[in-house]
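# Structure at a glance
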Amino acid sequence: IAQGGPVDIQSQTTAGTDDWTKPTTFTPKTVRVIMWGAGGGGGGGGNLATATIVKGGGGGGGGSYNERTFLASDLGVTESFTVGDGGTGGASGATGAAGADGAAGTQTSFGATPLLIAGGGGGGRGGAISGAATGGGGGGGTFSSGATAAGTAAGVAGTPVGGAAYVGGSGTPGPVTVITTHSGEFGG
């Protein structure tokens, strides 16, 4: 772009699988792939007919961001890719029941191998019919998706290869408390 060469931009925002096609009107040198994993759905709230405390559902984890620049010569004429689908929110509980868990968001990937992944966020746990707060979904990482929360525990975060929480492309666990300081470089 800086040298004024031709540019071909292709984008896809609808969930599903498709193929990227290498431009044929010029010979590209590099291909930049930018993608986001889909976020998880929040859990549904609990429901009681009495004045007893019930809880709202935990929030869904965010999908991760990932990008990489490839040499065009390293890619095939076409490369398959998948755009992740956002998780649906959990239904609120029937009278006397906890809310349903939110569904996890799915990962976005590029290449059949795949060559690049942006993990989806885990679903939030459904609200309890007690004073117990429920966990949120784990944030997606650049190698794997976050997990749906289990009870009051945090949803486990997705990680990169050999990664640890809060570093690089790792996602963030979904604790009961609000966090603002644990975001990874690209993680959800």
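Structure first, text after, so check above.
Residues numbered from 1 in each chain as written. Predicted model: local features only at pLDDT ≥ 70, side-chain atom pairs only at ≥ 80, totals over all residues. Heavy atoms only, no water.

## So, the pattern of salt bridges
- Counted by the stated rule, this structure contains two salt bridges.
- Glu-67 is the salt-bridge partner of Arg-32, the closest N and O atoms lying 3.0 Å from each other. A residue pair is termed long-range when its members are at least 10 positions apart, and Arg-32 in strand S2 (residues 30-36) and Glu-67 in strand S3 (residues 65-71) qualify at 35 residues.
- Since its relative accessible area comes to 54%, Arg-32 is described here as exposed.
- Of the charged contacts, one joins Arg-125 and Asp-101 as a salt bridge, the two residues approaching to 3.2 Å between their closest N and O atoms. Here Asp-101 lies in the loop between strand S4 (78-83) and strand S5 (108-110) and Arg-125 lies in the segment after strand S6 (116-118), a separation of 24 residues in the sequence. (Salt bridge = Lys/Arg side-chain N within 4 Å of Asp/Glu carboxyl O. Helix = DSSP H or I, 4+ residues; strand = E, 2+ residues; numbered from the N terminus. Buried < 20%, exposed > 50% of the residue type's maximum accessible area, 1.4 Å probe, protein only.)

## Side note on the packing of aromatic side chains
- Overall, the coordinates contain three aromatic pairs when judged by the stated rule.
- When the centroid spacing of 5.9 Å and the interplanar angle of 35° are considered together, the rings of Phe-70 and Phe-110 count as tilted. Taken together, the positions of Phe-70 in strand S3 and Phe-110 in strand S5 put the pair 40 residues apart, joining distant regions of the chain. Accessibility classification places Phe-70 together with Phe-110 in one group, the buried group. (Phe/Tyr/Trp six-rings, centres within 6.5 Å; stacked < 30°, edge-to-face > 60°.)

## Notes on the sheet that holds S4
- Pairing is antiparallel in the open sheet, where four strands are placed in the order S1-S4-S5-S6. At either margin of the open sheet sits one strand with a lone partner, and together these are strand S1 (16-21) and S6. Averaged over all neighbouring strand pairs, the angle between strand axes comes to 15°, with direction disregarded. (Pairing = 2+ DSSP bridges. Axes fitted to C-alpha atoms, helices over the stretch in contact; angles between N-to-C directions.)

## Looking at the layout of surface pockets
- Roughly 1200 Å³ of volume is contained in the largest pocket.
- What lines the largest pocket is a set of 34 residues, and nearest its centre among them are Asp-8, Ile-9, Gln-10, Val-31 and Arg-32.
- Residue assignment for the lining of the largest pocket shows that the elements contributing at least two residues are S1, S2, S4 and S5.
- In terms of residue count, the dominant contributor to the lining of the largest pocket is S2 (seven residues).
- The residue makeup of the lining of the largest pocket, split by class, is 17 nonpolar, twelve polar and five charged. (1 Å grid on protein atoms, 1.4 Å probe; cavity = no way out; pocket = protein on both sides within 12 Å on 5 of 7 lines; lining within 4 Å. Points joined across faces, edges and corners; volume = space filled by probe spheres on them. Nonpolar A, V, L, I, M, F, W, Y, C, P; charged D, E, K, R; others polar.)

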